[in-house]
Amino acid sequence: MAVQTQVKTYLNYVNGEWVEASTNETISCINPANKHDVVGNVQKSGKEDVDQAVAAAHNALASWKKLSGAARGEFLYKAANILESRADEIAETMTKEMGKTLGEAKGETLRGVAILRYYAGEGMRKTGDVIPSSDSEALMFTTRVPLGVVGVISPWNFPVAIPVWKMAPGLIYGNTIVIKPAQEAAVTAVKVIECLDEAGIPAGVVNMVTGTGSQVGQAIVDHPQVNGITFTGSNQTGKAIGQAALARGAKYQLEMGGKNPVIIAADADLDLAVDGTISGGLRSTGQKCTATSRVIVHEDVYDAFKEKLLAKVRELKVGPGLDGETWMGPCSSEKQLETVLSYIEKGQEEGATLLYGGQRLEAPETKDGFYVEPAVFENVESGMAISQEEIFGPVLALIKVGTIEEAIEMANDVEFGLSASIYTTNISHMLSFINDMDAGLVRINAETAGVELQAPFGGMKQSSSHSREQGQAAIEFYTSIKTVFVKGN
Ligand code: NDP
């Protein structure tokens, strides 16, 4: 048990200044590898702080949107270089704050750098089309205009990448930002904002207010001068945000849960499939919206696949993310650990067989952290909670099927439709899967997680609303189309 001697308190960022919240309250961010370790304190802000941040973003809008895309891009290039130079320090903060391994945290931070550079370049690309007019003396074209002030509500599972992939397109297309990062990973988010500040982004263009979702998040969602809200998190919160935004006519974008399947066909390369299932399902302790959770295996290879999978899962080392030997870190919080343990219990109550793991680690060196062994179930029926609900933890459910058609039907039998993958060497199976799988991301011989930043990201059914994030698809949410008709006189 380590007791903190000096814990740094981080401030809000409003109108280009680092400021205390009006409430004089703070929130402690706890290390999930050791709950006695306070990583930092952040402001526990209130509505007044949101009002000031939105006012600053509103005032900054006119001059920011007047800049050329190239000029706005310069700030993103500078921020990318600063984030890159601080990647080791920020990755370490991320690992301490939300538990993922240092390697994953570094990879995520460098992804943030790449996203900033990608969108800096977007400032130089076309944002409209010329459309032939039926009047031969007229010119008709479309151009894109920013939404205005965009509220960003981000989760704790990717505390660098998600804020960056929401802010960077917002900024390059001329919007100003008010962000509320998840309180569980707010120190990491503060450091991302420091990079934008050090890059000299003009006052008011980016504002950050930390605090709870129910206070700060809700105040952003309800603010009449916030023109668009982009959210990633749970379905429950996402739907409530969507309804509130709709009620006052604000644009919204919701990225929510997944219950992502992997299908292992009888002709699959089993070693590849085992590696993809483990990486897709258990990396980041299963705390990804694209994490594999249902493993649908053809009966001809079921036993062989299961043995290979269990042999590898048994070898995974669970421990603190800062330890170089660790493959899987703790759950991000006590609440998250309890959710995972409750699903493991429920799976057994509902009649599934727990083949491996699922126990909390309670050795002297792990008992103060939120550690759980990866869990593998079999005899899982489609109606069970572990087969239908997003667990957001290291839990794999094996499901045996007799045909590819049955596998795809089973894969589609959930309310979510974010990511899905198949391992097969048969081109007909690949094509059936591409055509019939109801998911925004379909992946062949690749794990469900790990979409590249330049490609559209988002789901079908209850996983996402409307538009896509990332790549050039992001322009749909962050802009409106203006149709221009010009006739000489
Ligand atoms: P939430 O959806 O509650 O949180 C996501 C973000 O929304 C956080 O910043 C949160 O603030 C904020 N928020 C919460 N309530 C409101 C509100 N009324 N108005 C505006 N913003 C709000 O998810 P949790 O962190 O509680 O995680 C619960 C479950 O959600 C997980 O187990 C997982 O299943 C799912 N999840 C999915 C993610 C994904 O990538 N799709 C990411 C994270 C979670 P704060 O937490 O600071 O109070």
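Conventions adopted
Residues numbered from 1 in each chain as written. Predicted model: local features only at pLDDT ≥ 70, side-chain atom pairs only at ≥ 80, totals over all residues. Heavy atoms only, no water. Buried < 20%, exposed > 50% of the residue type's maximum accessible area, 1.4 Å probe, protein only. Helix = DSSP H or I, 4+ residues; strand = E, 2+ residues; numbered from the N terminus. Pairing = 2+ DSSP bridges. Salt bridge = Lys/Arg side-chain N within 4 Å of Asp/Glu carboxyl O. Axes fitted to C-alpha atoms, helices over the stretch in contact; angles between N-to-C directions. Contact = heavy atoms within 4.5 Å. Core = buried A, V, L, I, M, F, W, Y, C linked by side-chain atoms within 4.5 Å. Near = heavy atom within 4 Å. Polar contact = N/O pair within 3.5 Å; in protein donor to acceptor, adjacent residues only side chain to side chain. Areas by Shrake-Rupley, 256 points an atom, 1.4 Å probe, with all protein chains shown as cover. Nonpolar A, V, L, I, M, F, W, Y, C, P; charged D, E, K, R; others polar. Expected span 1.5 Å × (residues − 1). Arc of directions from axis to C-beta.

**Student:** I'd like a description of the pairing of strand S12 (residues 292-298), backed by residues and values.
**Tutor:** Across the seven residues that make up S12, a large majority, seven, are buried. Bridge count for strand S11 (residues 260-264) against S12 is five bridges, and the pairing is parallel. Residue pairing for S12: Asn260 is matched across the bridge by Thr292. In terms of strand pairing, S12 meets strand S15 (residues 395-401) through five bridges, oriented parallel. Considered in S15, the bridge of Arg294 is made with Ala397.

**Student:** Give a detailed account of the pattern of salt bridges, specifying residues and quantitative values.
**Tutor:** Per the stated rule, a full pass over the model turns up 19 salt bridges. Between Glu89 and Lys191 there is a salt bridge whose closest N-O contact spans 3.1 Å. Of this pair, Glu89 sits in helix H3 (residues 87-98) while Lys191 is found in helix H6 (residues 186-198), placing the two residues 102 residues apart along the sequence. A salt bridge links Lys308 to Asp271, with the nearest nitrogen and oxygen atoms 2.9 Å apart. Placement of the pair is Lys308 in helix H10 (residues 302-315) and Asp271 in helix H9 (residues 270-282), with a sequence separation of 37 residues. Classification of Lys308 by relative accessible area gives partly exposed; the value is 35%.

**Student:** I'd love a proper account of the sheet that holds strand S18 (residues 441-444), names of residues and values included.
**Tutor:** On the basis of which strands lie adjacent, the open sheet formed by seven strands has the order S13-S14-S15-S12-S11-S17-S18 and mixed pairing. Since the sheet does not close on itself, it has two edges, and those belong to strand S13 (353-356) and S18, each with one partner. Taken pair by pair, the neighbouring strands of this sheet meet at an average axis angle of 25°, ignoring direction. Here S11 runs beside strand S17 (residues 419-423); their pairing, made up of three bridges, is parallel. The residue of S17 that forms the bridge with Val262 is Ser421. The sheet contacts of H10 involve S11, S12, S13, strand S14 (375-378) and S15, and relative to S15 the element is tilted by about 170°.

**Student:** Which residues make up the nonpolar core, and what are the values?
**Tutor:** Ranked by internal contacts, the top residues of the largest apolar core, which has 66 residues, are Leu76, Tyr119, Met167, Leu171, Leu196, Ile201 and Val206. Residue contributions to this core peak at eight residues, all from helix H5 (residues 161-172). Setting aside chain neighbours within four positions, we find Val206 in contact with Tyr13, Met167, Leu171, Ile177, Ile193, Leu196 and Ile201. In this structure, Cys331, Ile344, Phe377 and Met437 belong to the second largest nonpolar core, which totals 32 residues.

**Student:** Residue-level account of the side chain of Ser387, with values.
**Tutor:** Its place among the elements puts Ser387 in helix H12 (residues 385-388). Taking the relative accessible area as the measure of exposure, Ser387 reaches 1% and is therefore buried. Those residues in contact with Ser387 that lie beyond four places of it in its chain are Lys259, Arg294, Val380, Glu381, Ser382, Ile399 and Val414.

**Student:** Any details on the site of the ligand? Residues and values, ideally.
**Tutor:** The environment of the ligand is made up of 25 residues, and the closest members are Lys180, Gly213, Ser234, Met256 and Lys335. Within the contact set of the ligand, an oxygen atom lies 2.8 Å away from a backbone nitrogen or oxygen of Ser154. Gln336 is positioned such that a nitrogen or oxygen atom in its side chain is 2.8 Å from an oxygen atom of the ligand. Taken by itself the ligand offers 860 Å² of open surface, and the protein chains cover 87% of this. For the shell around the ligand, the elements supplying multiple residues, two or more each, are helix H7 (213-222), strand S9 (228-232), helix H8 (235-247) and helix H11 (334-349). Per element, the largest residue contribution to the shell around the ligand is three residues, and it comes from H7. Tallied by class, residues from the shell around the ligand come to nine nonpolar, 13 polar and three charged.

**Student:** With reference to specific residues and values, describe H11.
**Tutor:** Taking 1.5 Å of rise per residue, 16 residues should cover 22 Å, and H11 covers 22 Å from first to last C-alpha, within 8% of that figure. Those residues of H11 that fall on the buried side of the exposure criterion are Gln336, Leu337, Val340, Tyr343, Ile344 and Gly347. With its buried residues spanning 125° around the axis, H11 presents them on a single face. Among the exposed residues of H11, those oriented more than 90 degrees off its buried face are Lys335 and Glu349. Against S13, S14, H12 and S15 lie the buried residues of H11. Among the residues trailing H11, Gly351 stands out with phi positive, at a value near 105°.

**Student:** Go over the environment of Asp37, please, and point to the residues and values.
**Tutor:** Within the secondary structure, Asp37 sits in strand S4 (residues 34-43). Judged by its relative accessible area of 13%, Asp37 falls in the buried class. Taking C-alpha positions, Asp37 is 36 Å from Thr353, a pair spaced 316 residues apart along the chain.

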